[in-house]
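Examining the three-dimensional arrangement
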Amino acid sequence: DPPLRPSTSFLRAAEALGYTPRDYNAGDMERVVSLFQHTIRDGRRSDTGTAYIRGQPRKGNLTVRTGVRVLRVLLASSQGQGGRPRAFGVETETGEIVRAGRDVILSCGAIGTPQVLMLSGIGPPEELEKAGIDVLVPNEHVGRNLEDHISVLVPFLSRNGEDVGSINANKVEHLAGLKALAEWALFSRGPFVTSCYDATVFYTSGDAYRTDFPGQGPDCQIGLFVSPGDVSLYADNLKLAAEHNFFSQEGFSDADSTGFLMSPTLLHTRCRGRVTLREGDPAGPVRIVSNFFTDERDLDALVDIVLETLRLGARMDDIVGGPLFPPKLLAAHGGDVSKEFLRDYCRHYAFSLYHPTSTAKIGRVVDPGLRVIGVDSLVVADASVMPCITSGNTNAPCIMIGEKCSQILSVEHGLTARQPTVAPPPTWHGVALTAGLVAAMAAAVYVYGIRR
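**A look at the overall build of the protein**
Across its full length, the protein carries 13 helices and 20 strands. Within the protein, the proportion of its 452 residues that are buried is 45%. Put simply, of all contacts in the protein between residues at least 6 apart along the chain, 70% involve residues at least 24 apart. Surface exposure of the protein reaches about 22,600 Å², of which carbon and sulfur atoms provide 54%.

Listed below in structure tokens is the structure:
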């Protein structure tokens, strides 16, 4: 499908502000504007399971078990080179032992991996001792150096309530939703093809950032959601109660709302967080301390990105009626969208983009070959190994880390890494789904006719 109208307006507005249309993956991300690139093929989301497992030749050397939580890595004392511990398997939450023939590979993410390492006796000694865990490999850096992207949403109303092509509930629910689902299943087009996160700009905030973060990519990003969201987005996902946010603005949360969202995002913060075990329940949910805004410069930086977002919105005057802010907070500032108001706005409404990284970073917890320092046969392959967070979403970089880990281990063990083949999507899937949709639509029309 061609870009939706808010996306084309966003691209034009960014160009008018001096951004250059080009591929943000081509190396130069400074003041770039682009449509987003997604892991989508033939109108269907292609996750790593789809791309690397489903549709690939079965060799009988892979077993996938879901719903099984690994509690800790099993280490044999003094059996590795130089008397180091050697990983020989894992223990699950139910006490099952799964043994490894060569290596144990952790891919539990930047939250789960440090927890498993610490439960295995690898981590900060003081913390492990408090949790009653024997210290096998002391390492102060496990669970530290947590980085994340911090963002805030800025909703925009369309001009005069005009339908500018945003994806709202009326286009994806009830009979319209069945029609859209049929379009997606048969022709790979329509509302269900898009993730709604359509376009973006990247830029660098200034010389202070370049000095403090030499060699890093841009620290500022503004993304466009071609959807106004709804109450559940804020209340369920972001945990913001409806009465305290944007929905006292009449019509914004309606099913036929025609607004859209922008997401100003600070990509590189000066704060660093940590992941720690909970005293008394080390195997339970970890304690995640982000430390957002403990450095005032991060708050100021996000406010400046919001101001750039408002400048972009003002340039989209062919479709934009204006930004929408929480009325109670705005009233407390006399209705003035000042810098101090925006500081309060960011303090109240900023949230994590769920891109945690760097809690088992290369050089501190793992070596350049992704092996845990001080332990034999234990490898980490996920976002926790990143030396620093990326200037952009972490999905593709995590896939790259997995591919690099595969390449490293193939060389070390004399194996041949097979490249995944691109399997065509099953045609029966679309046919069967569409047949079911047609039946559902017929039933819905029939019931509607009876009720009338």
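**Some remarks on unusual backbone geometry**
Not every positive phi belongs to a glycine, and N160 is a case in point at roughly 55°. Looking at the element boundaries, N160 is found in the loop between β12 (154-158) and α5 (169-172). With a phi close to 70°, L370 is a non-glycine residue in the positive phi region.

**As for a nonpolar patch on the surface**
A contiguous nonpolar surface patch, about 370 Å² in accessible area, is contributed by Y52, I53, L62 and V64. Considering the arrangement of structural elements, one finds Y52 in helix α2 (residues 48-52).

**So, the packing of aromatic side chains**
By the definition in use, this model includes 11 aromatic pairs. Where F325 meets Y345, the ring centres are 5.1 Å apart and the plane angle is 90°; that geometry is what we call edge-to-face. In this pair, F325 is assigned in the loop between β18 (320-323) and α10 (327-332) and Y345 in helix α11 (residues 339-349), connecting sequence segments 20 residues apart. According to the relative accessible area criterion, F325 is buried, its value standing at 7%. Assessed through its relative accessible area of 0%, Y345 is described here as buried. Consider the rings of F341 and Y345, whose centres lie 6.0 Å apart with planes at 15°: the pair is stacked. A residue pair is termed a helical-turn pair when its members lie 3 or 4 positions apart in one helix, as F341 and Y345 do in helix α11 at 4 residues. The structure contains a cluster of three or more aromatic residues connected by ring pairs, namely Y24, F36, Y197, F202 and F225.

**Brief notes about the side chain of T394**
Turning to its location among the elements, T394 is positioned in the loop between β20 (378-380) and α12 (395-412). In this structure T394 comes out as buried when scored by relative accessible area, which is 9%. Ignoring any residue separated from it by four or fewer positions in sequence, one finds T394 in contact with H355, T357 and M386.

**A short note on the pairing of strand β13 (residues 197-203)**
The side chains of a regular strand alternate, residue by residue, between the two faces of the sheet. Judged by how many residues are buried, β13 sits mostly within the fold: 7 of 7 residues are covered. Alignment of strand β2 (residues 32-35) against β13, held across 4 bridges, turns out to be antiparallel. Among the inter-strand pairings, V32 is bridged to a residue of β13, identified as F202.

**A look at the side chain of T265**
Along the chain, T265 turns up in strand β15 (residues 260-266). The exposure class of T265 is buried, given its relative accessible area of 0%. One polar contact links T265 to S151, side chain to side chain, over a distance of 3.0 Å. Engagement of the side chain of T265 in a polar contact is seen with the backbone oxygen of S263, the distance being 3.1 Å. Setting aside its immediate chain neighbours within four residues, T265 contacts H149, I150, S151, D219, C220, Q221, L302, I305 and L353.

**Remarks on the sheet that holds strand β6 (residues 86-92)**
Read across the open sheet, the 3 strands follow the order β5-β6-β7; overall the sheet is antiparallel. Unpaired on one side and paired on the other, β5 (70-76) and β7 (97-99) mark the two borders of the sheet. On average, each strand axis in the sheet is inclined to that of its neighbour by 30°, with strand direction left out of account. Sheet analysis places β6 next to β7, joined by 3 bridges and oriented antiparallel. Each bridged residue has a counterpart across the sheet, and for G89 the counterpart in β7 is R99.

**Here's the deal with the nonpolar core**
F10, M262 and Y345 are the most contacted members of the largest nonpolar core, which has 42 residues in total. Elements that contribute at least two residues to this core include exactly α1 (5-16), β12, β13, β14 (220-225), β15, α9 (296-315), α10 and α11. Looking at this core element by element, the count peaks at 8 residues for α9. Beyond its immediate chain neighbours, meaning those up to four positions away, F10 contacts V33, A199, T200, V201, I222, L224, M262, L312 and M316. In this structure, A87, L117, I401 and C405 belong to the second largest nonpolar core, which totals 34 residues.

**Quick look at the pattern of salt bridges**
This structure, assessed with the given rule, holds 26 salt bridges. In this structure, the salt-bridge partner of R297 is D295, at a minimum N-O distance of 2.8 Å. Residue class for R297 comes out partly exposed when judged on its relative accessible area of 46%. On the accessibility criterion, D295 (19% relative accessible area) is buried.

**Focus on the packing of α9 against α11**
For any two helices packed against each other, one specifies the crossing angle of their axes together with the interaxial distance. One can describe the packing of α9 onto α11 by two numbers: an axis separation of 9 Å at closest approach and a directional angle of 110°. As the angle between them shows, α9 and α11 are arranged roughly perpendicular. Counting all contacts with α9, which are made through E296, L299, D300, L302, V303, D304, V306 and L307, the residues of α11 involved are K339, L342, R343, C346 and R347.

**Some remarks on helix α6 (residues 174-187)**
The periodicity of an α-helix, 3.6 residues per turn, causes residues three or four positions apart to be oriented the same way. Over its 14 residues, α6 runs 20 Å from end to end, which matches the ideal 20 Å to within 8%, given 1.5 Å per residue. Backbone geometry just after α6 places S188 at a positive phi near 55°.

Reading guide: rules and limits
Residues numbered from 1 in each chain as written. Predicted model: local features only at pLDDT ≥ 70, side-chain atom pairs only at ≥ 80, totals over all residues. Heavy atoms only, no water. Helix = DSSP H or I, 4+ residues; strand = E, 2+ residues; numbered from the N terminus. Buried < 20%, exposed > 50% of the residue type's maximum accessible area, 1.4 Å probe, protein only. Contact = heavy atoms within 4.5 Å. Areas by Shrake-Rupley, 256 points an atom, 1.4 Å probe, with all protein chains shown as cover. Patch = residues over 30% accessible without salt bridge, like charges linked within 9 Å, V, L, I, M, F, W, Y side chains within 5 Å. Salt bridge = Lys/Arg side-chain N within 4 Å of Asp/Glu carboxyl O. Phe/Tyr/Trp six-rings, centres within 6.5 Å; stacked < 30°, edge-to-face > 60°. Pairing = 2+ DSSP bridges. Polar contact = N/O pair within 3.5 Å; in protein donor to acceptor, adjacent residues only side chain to side chain. Axes fitted to C-alpha atoms, helices over the stretch in contact; angles between N-to-C directions. Core = buried A, V, L, I, M, F, W, Y, C linked by side-chain atoms within 4.5 Å. Parallel < 35°, antiparallel > 145°, perpendicular 65-115°, else oblique. Expected span 1.5 Å × (residues − 1).

Coordinates in, geometry out; function isn't part of it.
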